[in-house]
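# A look at the structure
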Amino acid sequence: MIETNRPAAVPAEDEPDLLRDQFRQLLRYRRLIGVGIGIGLLGGVYLGISTADTYVATADVVLRTPTDDPFNPSIAPDKAINIGSERQVALSSSIAGEAAKKLGVKDSGFAALRSGLQVTNPPQTMVLRFTYTSGSPTEAAKRANAMTEAYLLKRRDALDVTRDAMVKSYKDQRDPVAKQLDDLVKQIAQIPAGSARDAAYSSRTDLQSKVGQLNGNIAKLDALDMTPGRVTSAATVPTQPDGPGIVMSLALGAAVGLALGLLAAWVRLVFDPAPRSDGDVSRALRAPVLGNLPRDKTGGGPLLAAGEADPRLAEEYRSVAFRLAYDSRFADRRRLLVVAPRGSSETAAAVAVNLAASFAETGKDVLLIEADLRTPLLASQLPTDAGGRPRWSQMPGGPAQGGHPGPTESDWPDGRQLVVDAGESGAFDLIPGERVRNVARALTTPRATRLISEADSPNSTVVVLAPPVLSYADALALVDRVDGVLVVCDPRAVHRTDLSRIRELISGAGGTVLGAVLHGPLPGDKRGRSTSKSKGATPAAATPPAAPAPATTPAARTESAEPAEPDQHIPGDGSETVALRTVRTGQR
């Protein structure tokens, strides 16, 4: 008794594994990443060239408020000066116009003069930094200093205007009071002593106090230090261009381009409907990936891999067969349905044939059933020989007179069973497919059920090859009798939604997806499904099925069902093949 393991399940992936898997998937879009790096390098070249002759000169100015006591700590300059407003004033057209007069710039160059200036304010300071950019180092320093001087001059003029206006206002208030005081003094000299003269003296004292206060305000304004600020760092002629240089520009451009390329690849990955990794396929099917067929560069790979010079393909098939053999879901009933999602079933046929050979190599009695009754080709492409009539070809009531089976409900299965020579792997039986008028009826007849039930015999295994499951419903008609389904697909030519739909259809029909076998694009079909559709490589999904062969007469069916004599030749049964042939899937 063979000890079987528990069913293989989709492994739980932690977040680092998912991130590594996603990063590996991003590397599949090398063209997008390359385009991003190329764009970044072009931008770096442009930046390096455009800034190669750009020079920047900088001058710093510390602002201050007018004061009569510069050492008085109670006066906070940041409270008296709005640094943001001063920055806007420094960038105004009036400052640029004053600098243009000093530099002798004409009206046509005024816009260019103003556009080269930038004024910034370092945080937590009362400093305005004048930065001027020009193509000439001397011109950059000259214009930066001119802009600084023009700003300080304009600010001093504005402060002087404010002070003069306040002084004039105080004088306008003082002059009437002083005239009134002079008139009162003259009147006091003529007033006799008494209460009237005392009242006049009191009024004179009030007027003198008021005049003195106004004169004090005027004197205080005249004593103010009106210096608007000082230049702490004058602009000097720069000795090197301001640009980062061609090397740094290229490095910066490459880094930015790589980031853009990775972003574009990530967006493409998010909206890509095709599974790009084994994990995506496992998550969509909720079943493990049992194998990845190596890419064949010699024209499609052999249909029967036994005896090939490159043993990798045969070893991969053996690995898949052993993983299935130790899966309790398959080992309990030993029935396997091999299907492709849609399009071509060439690789699915190769997988079914080689799994049958691998099971035969382990000592199993293997029966391969070609249930693809629309394009049956295995009998013509495998090294076969005629075999004896099996039990399933007899009707339940026993054989008819003369050893011939009685009337059948369908043209398939017709009692023909071939033996496939798999070389060193041994041999297995093949039930070849045949075009019939009603495929659904042929697949659901009691004879087909008895045929699949051959797996109930001890040490026997049945492998069934069906058409693509999303193209025809033939596979779903067999799921309830086969149970275990193996999906063969090219991850680049199928969508995740297709795999999820396959799982839902198979589960709804009472079956179980045992796993998936992945392969690369077939030769001449490098771009996946779109190329196969345009070239019409397989008529299974891209073209309508061929019309069924005309129904044979009862006499003809009886004649074809008779056991072959030793010297009788049955066309198409493979008896003319003596040695093992290598047949490539590209010939299907």
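### Some words on the overall build of the protein chain
- The number of helices and strands found in the protein chain is 20 helices and 13 strands.
- Within the span of the protein chain, comprising 588 residues, buried residues form 41% of the whole.
- Residue pairs in contact within the protein chain that sit at least 24 positions apart in sequence constitute 81% of those at least 6 positions apart.
- Taken as a whole, the protein chain presents about 30,600 Å² of accessible surface, with 55% of it coming from carbon and sulfur.

### Regarding a nonpolar patch on the surface
- A cluster of nonpolar side chains, L252, V256, L260, L263, W266, V267, V270 and F271, forms an exposed patch at the surface whose accessible area comes to about 760 Å².
- If you trace the backbone, L260 turns up in helix 9 (residues 246–270).
- You can call L260 partly exposed: its relative accessible area is 45%.

### Overview of helix 2 (residues 30–50)
- Between its first and last C-alpha, helix 2 extends 30 Å over 21 residues, near the 30 Å set by a 1.5 Å rise per residue.
- Three or more residues of helix 2 are buried, namely I33, G36, G40, G44 and G48. All buried residues of helix 2 fall inside an arc of 110° around its axis, so they share one side. Within helix 2, the exposed residues directed more than 90 degrees away from the buried face are R31, I39, L42, Y46 and I49.

### Here's the deal with the packing of aromatic side chains
- Applying the stated criterion across every chain, the model contains two aromatic pairs.
- Centroid distance F130 to Y151: 5.7 Å. Interplanar angle 45°. Geometry classified as tilted. Of this pair, F130 sits in strand 3 (residues 127–134) while Y151 sits in helix 7 (residues 137–190), and the two are 21 residues apart along the sequence.
- A relative accessible area of 0% places Y151 in the buried class.
- Ring geometry for F330 versus F359: centroids 5.4 Å apart, planes at 20°, classification stacked. Taken as a pair, F330 in helix 12 (residues 328–331) and F359 in helix 13 (residues 346–361) lie far apart in primary sequence, 29 residues in all. Both residues of the pair, F330 and F359, count as buried.

### Here we look at helix 10 (residues 278–285)
- Along helix 10, six of the eight residues are buried, which leaves the element largely enclosed by surrounding structure.
- Residues of helix 10 that are buried include every one of G279, D280, V281, S282, A284 and L285, and no others.
- Phi for R286, located one or two positions after helix 10, is positive at around 55°.

### What about a positive patch on the surface?
- Together, R28, R30, R295 and R492 give the surface a local cluster of positive charge.
- Mapped onto the secondary structure, R28 falls in the loop between helix 1 (15–26) and helix 2.

### Some words on the sheet that holds strand 2 (residues 117–120)
- Read from one edge to the other, the open sheet built from four strands follows the order 2-3-1-4, with strand pairing classed as antiparallel. Edge positions in the sheet fall to strand 2 and strand 4 (229–233), since each of these pairs with one other strand and no more. The mean angle between the axes of side-by-side strands here comes to 25°, regardless of whether they run parallel or antiparallel.
- Direction of pairing for strand 1 (residues 55–63) relative to strand 3: antiparallel, over a ladder of eight bridges. Residue D60 lies in a different strand from strand 3, and its bridge partner there is R129.

### Some remarks on unusual backbone geometry
- In this structure, R286 is a non-glycine residue whose phi angle is positive, near 55°.
- Examined against the element boundaries, R286 turns out to sit in the loop between helix 10 and strand 5 (289–292).
- The exposure class assigned to R286 is exposed, which follows from its relative accessible area of 60%.
- With phi around 60°, R334 is a residue other than glycine that occupies positive phi space.
- Take R334: it is sitting in the loop between helix 12 and strand 6 (335–339).

### Comments concerning the pattern of salt bridges
- Tallied over the entire structure, the rule returns 16 salt bridges.
- Here R283 and D280 are joined by a salt bridge, their closest N and O atoms 2.7 Å apart. Of this pair, R283 and D280 both sit in helix 10, three residues apart, roughly one helical turn.
- The closest approach of N and O atoms between R342 and D498, which form a salt bridge, is 3.4 Å.

### Let's talk about the confidence of the model for the protein chain
- Within the protein chain, residue pLDDT values average 78, and 79% of them lie at 70 or more.
- Taken as a whole, residues 395–410 scores under 50 in pLDDT and shows 22 contacts with residues more than four places along the chain or in a different chain.

### Looking at the side chain of R503
- Within the element layout of this structure, R503 appears in helix 18 (residues 496–508).
- Among buried Asp, Glu, Lys and Arg side chains, R503 stands out as unpaired, with E504 the closest opposite charge at 4.3 Å.
- If sequence neighbours within four positions are ignored, R503 has contacts with A284, L285, R286 and V513.

### A look at the pairing of strand 1
- When you tally the buried positions in strand 1, you get seven out of nine residues, the bulk of the element.
- Of the pairings in the sheet, the one linking strand 1 to strand 4 comprises four bridges and is antiparallel in character. If you follow V62 over to strand 4, its bridge partner there is R230.

### Considerations on the nonpolar core
- Membership of the largest hydrophobic core comes to 42 residues, with the highest contact counts inside it found for L324, V351, L355, L368, L378 and F428.
- With eleven residues, helix 13 is the largest single contributor of residues to this core.
- Not counting chain neighbours up to four residues away, the residues in contact with L368 comprise A352, V353, A356, L378, F428, D429, L430, I431 and V463.
- Judged by nonpolar contacts, the second largest core, of 40 residues, contains A284, I369, L443 and C489.

Definitions and cut-offs
Residue numbering note: each chain is counted from 1, following its sequence as written. Only residues with pLDDT of at least 70 are given local features in this predicted model, and only at 80 or more are side-chain atom pairs given and counted; all residues enter the totals for whole chains, interfaces and linings. Side-chain numbers here rest on the full set of heavy atoms in the structure, without hydrogens or water. Secondary structure elements follow DSSP: runs of H or I of four or more residues count as helices, runs of E of two or more count as strands, with numbering from the N terminus. For each residue, the accessible area found with a 1.4 Å probe, counting protein chains only, is set against the maximum for its type, and the residue is called buried under 20%, exposed over 50%, and partly exposed in between. Residue contacts follow a heavy-atom distance rule, with two residues in contact if any of their heavy atoms lie within 4.5 Å. Surface accessibility in these figures is a Shrake-Rupley result with a 1.4 Å probe; residues are shielded only by whichever protein chains are displayed. Patch rule: a residue counts if its relative accessible area is over 30% and it has no salt bridge; like charges are joined within 9 Å, and nonpolar side chains (Val, Leu, Ile, Met, Phe, Trp, Tyr) within 5 Å. By definition here, a salt bridge exists when the distance from a side-chain nitrogen of Lys or Arg to a carboxyl oxygen of Asp or Glu is within 4 Å. Every helix has an expected span of 1.5 Å times one less than the residues it contains. When we speak of the arc, we mean the arc of directions from the helix axis to the C-beta atoms. In this scheme Phe, Tyr and Trp rings, the latter by its six-membered ring, pair at centre separations within 6.5 Å, and the angle between planes marks the pair as stacked below 30 degrees, edge-to-face above 60, and tilted otherwise. The charge count treats Lys and Arg as positive and Asp and Glu as negative. His and the chain ends do not count. A charged residue contributes its charge at one atom only: NZ of Lys, CZ of Arg, CG of Asp or CD of Glu. Pairing between strands requires that DSSP locate at least two bridges from one strand to the other. Angles shown run from 0 to 180 degrees and are taken between the N-to-C directions of axes, each axis being a line fitted to C-alpha atoms and, for helices, limited to the stretch in contact. Every residue carries a pLDDT, the predictor's confidence in it, which falls somewhere between 0 and 100. Nonpolar cores were defined as sets of buried Ala, Val, Leu, Ile, Met, Phe, Trp, Tyr and Cys residues, with membership established by side-chain atoms within 4.5 Å.

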